[in-house]
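Residue-level listing of the chains:
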Amino acid sequence: MTVEPLSPATVVTRLRAAGCVFAEDEAELLLTTARDPAELAAMVERRSSGLPLEHVLGWAQFHGLRIAVDPGVFVPRRRTEFLVQRALAVADASRPVVVVDLCCGSGALGAALASALPLAELHAADIEPAAVRCARRNVAALGGRVHEGDLFDPLPPGLRGRVDILAANVPYVPSGEVALLPSEARDHEPLVALDGGADGLDIMRRVARAAPGWLAPGGTVLIETSERQARGALSALEAAGLEAALFTSPALHAHVVTGTHTP
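Residues numbered from 1 in each chain as written. Predicted model: local features only at pLDDT ≥ 70, side-chain atom pairs only at ≥ 80, totals over all residues. Heavy atoms only, no water.

(A) The arrangement of the overall build of the chain in detail. Regarding its fold elements, the chain presents 10 helices and nine strands. Relative to a compact globule of 263 residues, whose C-alpha radius of gyration would be 18 Å, the chain shows 19 Å and is just as compact. With the C-alpha coordinates of the chain rotated into their principal frame, the extents come out at 65 × 40 × 30 Å. Split into buried and exposed, the 263 residues of the chain put 51% on the buried side. Look at the contacts in the chain between residues 6 or more apart in sequence, and 62% of them connect residues 24 or more apart. Total accessible area computed for the chain in this model is approximately 12,000 Å², and 53% of it derives from carbon and sulfur atoms. Taken as two groups, the 23 positive and 31 negative side-chain charges of the chain have centres that lie 3 Å from each other. (Helix = DSSP H or I, 4+ residues; strand = E, 2+ residues; numbered from the N terminus. Rg over C-alpha atoms; globule rule 2.2 N^0.38 Å. Buried < 20%, exposed > 50% of the residue type's maximum accessible area, 1.4 Å probe, protein only. Contact = heavy atoms within 4.5 Å. Areas by Shrake-Rupley, 256 points an atom, 1.4 Å probe, with all protein chains shown as cover. Lys, Arg positive; Asp, Glu negative; His and termini not counted. Charge placed at Lys NZ, Arg CZ, Asp CG, Glu CD.)

(B) Region of interest: the pairing of strand β1 (residues 59-62). In terms of strand pairing, β1 meets strand β2 (residues 65-68) through four bridges, oriented antiparallel. Residue pairing across strands places Q61 opposite R66, the latter belonging to β2. Linking β1 back to β2 in an antiparallel pair, the connection comprises two residues, with H63 at a positive phi of about 50°. (Pairing = 2+ DSSP bridges.)

(C) Molecular detail of the packing of aromatic side chains. Enumeration over the complete set of coordinates arrives at one aromatic pair. Between the aromatic rings of F152 and W214, the centroid separation amounts to 5.5 Å while the plane-to-plane angle is 20°, which identifies the pairing as stacked. Of this pair, F152 sits in the loop between β5 (145-148) and β6 (163-168) while W214 is found in helix α9 (residues 202-214), placing the two residues 62 residues apart along the sequence. This pair shows no difference in class: F152 is buried, exactly as W214 is. When the ring centre of W59 is taken as reference, the NZ or CZ atom of R66 above it lies at 3.7 Å. Sitting above the plane of the F247 ring, R86 keeps its charged end 3.9 Å from the centroid. (Phe/Tyr/Trp six-rings, centres within 6.5 Å; stacked < 30°, edge-to-face > 60°. Lys NZ or Arg CZ within 6 Å of the ring centre and 35° of its normal.)

(D) Spatial organisation of the layout of surface pockets. Taken as a whole, the largest pocket holds about 1,200 Å³ of empty space. Of all the secondary-structure elements, those providing two or more residues to the lining of the largest pocket are α2 (23-33), α3 (37-48), α4 (53-57), β1 and α8 (183-188). Of the residues belonging to the lining of the largest pocket, the class tally is 22 nonpolar, six polar and 11 charged. In this structure, the second largest pocket encloses a volume near 410 Å³. As for the second largest pocket, its lining consists of 33 residues, of which C103, D126, P171, V192 and A193 are closest to the centre. (1 Å grid on protein atoms, 1.4 Å probe; cavity = no way out; pocket = protein on both sides within 12 Å on 5 of 7 lines; lining within 4 Å. Points joined across faces, edges and corners; volume = space filled by probe spheres on them. Nonpolar A, V, L, I, M, F, W, Y, C, P; charged D, E, K, R; others polar.)

(E) The environment of V99, seen in detail. Mapped onto the elements of the fold, V99 is located in strand β3 (residues 97-102). In the structure, V99 is positioned 14 residues away from L113 in sequence and 7.8 Å away in space, judged by C-alpha atoms. Not counting residues within four places of it along the chain, the set of residues in contact with V99 comprises L113, L117, A120, E121, L122, H123 and I165.

As structure tokens, this is what we get:
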């Protein structure tokens, strides 16, 4: 059956009616991505029903890269590009470095870091099988390895004491606030990628406690957090014996805590 092509104006109107704030921008992406009128109609329908734009497109733009994002996988946020910036600020691109991307989701963080650090040995890990499959697609060309399991558990033991950059975009939404998230996140992203426990810092504290055993001397762990959780996150890093610091980006509304291993 032949599907009548949708005009750009019609696509914008349908997206706007569905509550898409940036309807014009989204329409342009859908129009340039769809291969034929039938696919465009299906994509507009899926987006209008509330599916995240990145799941409809099959990719997200992140730190200059096009990252594959499969249905059910956490969508990389633009604010997380600040974590990449902070990691690159402490990395030495002139020498081999070991990079670990924990709670990797699509593997966007690891892919961005490995792209900017040509001598990087990249490892990523996530507990969600769908995320692991997706991340492998994104880091394979960069020589990265993705491991399935809980935080550090699946990482090769040989990485202990060798990690230069430990990037962790851990879940940090307090359990009681998950229901308040936009439906795109609440209904279409895995709960394990969102729920950070009672105060949102449960996973962050676990990463902080274990990080010193994995970091190389001078290595740094970098974790995204929120403004109200920053003090608690810094305290957790300090309690683990790390030299803690907080960095913020007003432009991206981003907060990153870092802990450097200085034995």
